[in-house]
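Survey of secondary and tertiary structure
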Amino acid sequence: GAVVSQHPSRVICKSGTSVKIECRSLDFQATTMFWYRQFPKQSLMLMATSNEGSKATYEQGVEKDKFLINHASLTLSTLTVTSAHPEDSSFYICSARDQIDQPQHFGDGTRLSIL
Amino acid sequence: DQQVKQNSPSLSVQEGRISILNCDYTNSMFDYFLWYKKYPAEGPTFLISISSIKDKNEDGRFTVFLNKSAKHLSLHIVPSQPGDSAVYFCAASGVRNQGGKLIFGQGTELSVKP
């Protein structure tokens, strides 16, 4: 149980392109979903928290207009990297949880490469 | 300000022996702690967790110990197997007062040699 699917697994695109990443909870209802970014050899850094049906809460230093998050249903959240540039290249990972005192379960991540 | 620290970037252990991974935290408001295992180019996989009301939680080969006074937790894997080789992240959360956001340590790369 507790499977989170993230798609696509890898994206390579030109600078200026907007990229959408999907995160789905397959066998549970995700009240809350989280988006992380991981740089090589570093830890996971939380970008934003989204609750179904409400606006995402962004961490300090994360541009909300750059990283658009939509959590339209209890099983789907999307992250759109708008007008992506090479510095946005990174490994993006989503997670989902049902209750606040339950573990977060992670997707397999999306490797984004902007040329 | 690194609230969760894993001071050992790597650990090498012989198959069959015990692996001990350590984690320290600074925020006394944390009340829920987790360990995740991660392979390259994959998302973390949840291993085991512990609430601050406990000092030990065991699940098969994995045991997590929490020392609240020292703000320290550890993950014991025994016996260690080559398939345990991965990066292990500890994470802390303030369920009651921080919305359950996870703060991750830097990770420890475990290598279990046959």
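Here is a short report on the structure shown in this document. Given the structure is predicted, the values throughout are model-derived calculations rather than measurements.

Basis of the calculations
- Residues numbered from 1 in each chain as written.
- Chains lettered and ligands numbered in written order.
- Predicted model: local features only at pLDDT ≥ 70, side-chain atom pairs only at ≥ 80, totals over all residues.
- Heavy atoms only, no water.
- Helix = DSSP H or I, 4+ residues; strand = E, 2+ residues; numbered from the N terminus.
- Rg over C-alpha atoms; globule rule 2.2 N^0.38 Å.
- Buried < 20%, exposed > 50% of the residue type's maximum accessible area, 1.4 Å probe, protein only.
- Areas by Shrake-Rupley, 256 points an atom, 1.4 Å probe, with all protein chains shown as cover.
- 1 Å grid on protein atoms, 1.4 Å probe; cavity = no way out; pocket = protein on both sides within 12 Å on 5 of 7 lines; lining within 4 Å.
- Points joined across faces, edges and corners; volume = space filled by probe spheres on them.
- Nonpolar A, V, L, I, M, F, W, Y, C, P; charged D, E, K, R; others polar.
- Salt bridge = Lys/Arg side-chain N within 4 Å of Asp/Glu carboxyl O.
- Disulfide = S-S within 2.5 Å.
- Pairing = 2+ DSSP bridges.

1. A look at the overall build of chain B
Looking only at helices and strands, chain B has 0 helices and 11 strands in total. From first element to last, N terminus to C terminus, chain B shows the α and β order β-β-β-β-β-β-β-β-β-β-β. Relative to the compact-globule value of 13 Å for 114 residues, chain B shows a C-alpha radius of gyration of 13 Å, a close match. With the C-alpha coordinates of chain B rotated into their principal frame, the extents come out at 45 × 30 × 20 Å. When burial is assessed residue by residue, chain B has 46% of its 114 residues classed as buried. A total accessible area of about 5400 Å² is found for chain B, and carbon and sulfur atoms account for 49% of it.

2. Description of the layout of surface pockets
Its boundaries defined by the atoms lining it, the largest pocket holds a volume of some 500 Å³. Lining the largest pocket are 21 residues, with A:Gln38, A:Pro40, A:Lys41, A:Gln42 and B:Val87 sitting closest to its centre. Looking at the lining of the largest pocket, the elements with two or more residues in it are strand 9 (86-93) and strand 11 (108-113) of chain B. A per-class count over the lining of the largest pocket returns 11 nonpolar, 6 polar and 4 charged. Volume-wise, the second largest pocket comes out at about 350 Å³. For the second largest pocket, the lining is made up of 16 residues, of which A:Leu44, A:Met45, A:Leu46, B:Gln3 and B:Ile103 are closest to its centre. For the lining of the second largest pocket, the elements supplying multiple residues, two or more each, are strand 5 (44-51) of chain A together with strand 10 (102-104) of chain B. For the lining of the second largest pocket, the per-class residue count stands at 9 nonpolar, 4 polar and 3 charged.

3. Focus on the pattern of salt bridges
Counted by the stated rule, this structure contains 4 salt bridges over all chains. A salt bridge links B:Lys101 to A:Glu59; its shortest N-O distance comes to 3.1 Å. Taken as a pair, B:Lys101 in the loop between strand 9 and strand 10 and A:Glu59 in the loop between strand 6 (57-58) and strand 7 (67-73) lie in two separate chains rather than in one. In this structure, A:Asp88 engages A:Lys66 in a salt bridge whose closest nitrogen and oxygen atoms are separated by 2.8 Å. Pair noted here: A:Asp88 is in the loop between strand 8 (76-81) and strand 9 (90-97) and A:Lys66 is in the loop between strand 6 and strand 7, with a separation of 22 residues, a long-range link. The burial state of A:Asp88 is the same as that of A:Lys66; both residues are buried.

4. Focus: the state of the cysteines
Disulfide: a covalent bond connecting the sulfur atoms of a pair of cysteines. Evaluation of the coordinates by the stated rule reveals 2 disulfides over all chains. Through a disulfide, A:Cys23 is tied to A:Cys94; the S-S separation comes to 2.0 Å. Between A:Cys23 and A:Cys94, the S-S torsion sits near 80 degrees, and that sign places the bridge as right-handed. With a gap of 71 residues between them, A:Cys23 in strand 3 (residues 19-25) and A:Cys94 in strand 9 connect regions that are remote in the sequence. Taken individually, A:Cys23 and A:Cys94 each receive the classification buried, so the pair is uniform in this respect. Here B:Cys23 pairs with B:Cys90 through a disulfide, and the sulfurs are 1.9 Å apart.

5. Section: the sheet that holds strand 8 (residues 72-77) of chain B
Residues and elements named next belong to chain B. Ordered by their spatial adjacency, 5 strands build an open sheet running 1-3-8-7-6, and the pairing between neighbours is antiparallel. Looking along the sheet, the strands with just one partner apiece sit at the ends: strand 1 (4-5) and strand 6 (56-59). As paired strands, strand 7 (residues 62-67) and strand 8 are joined by 6 bridges and run antiparallel to one another. Looking across to strand 8, one finds that Leu-66 is bridged to Leu-73.

6. As for empty space enclosed by the protein
Enumeration over the complete set of coordinates arrives at 1 cavity of 30 Å³ or more. Considered as a void within the structure, the largest cavity measures approximately 40 Å³ in volume. A:Arg97, A:Ile100, A:Gln102, A:Pro103, A:Gln104, B:Tyr32, B:Leu34, B:Ser93, B:Val95, B:Gly100 and B:Leu102 together form the lining of the largest cavity. Class assignment of the residues belonging to the lining of the largest cavity gives a composition of 6 nonpolar, 4 polar and 1 charged.

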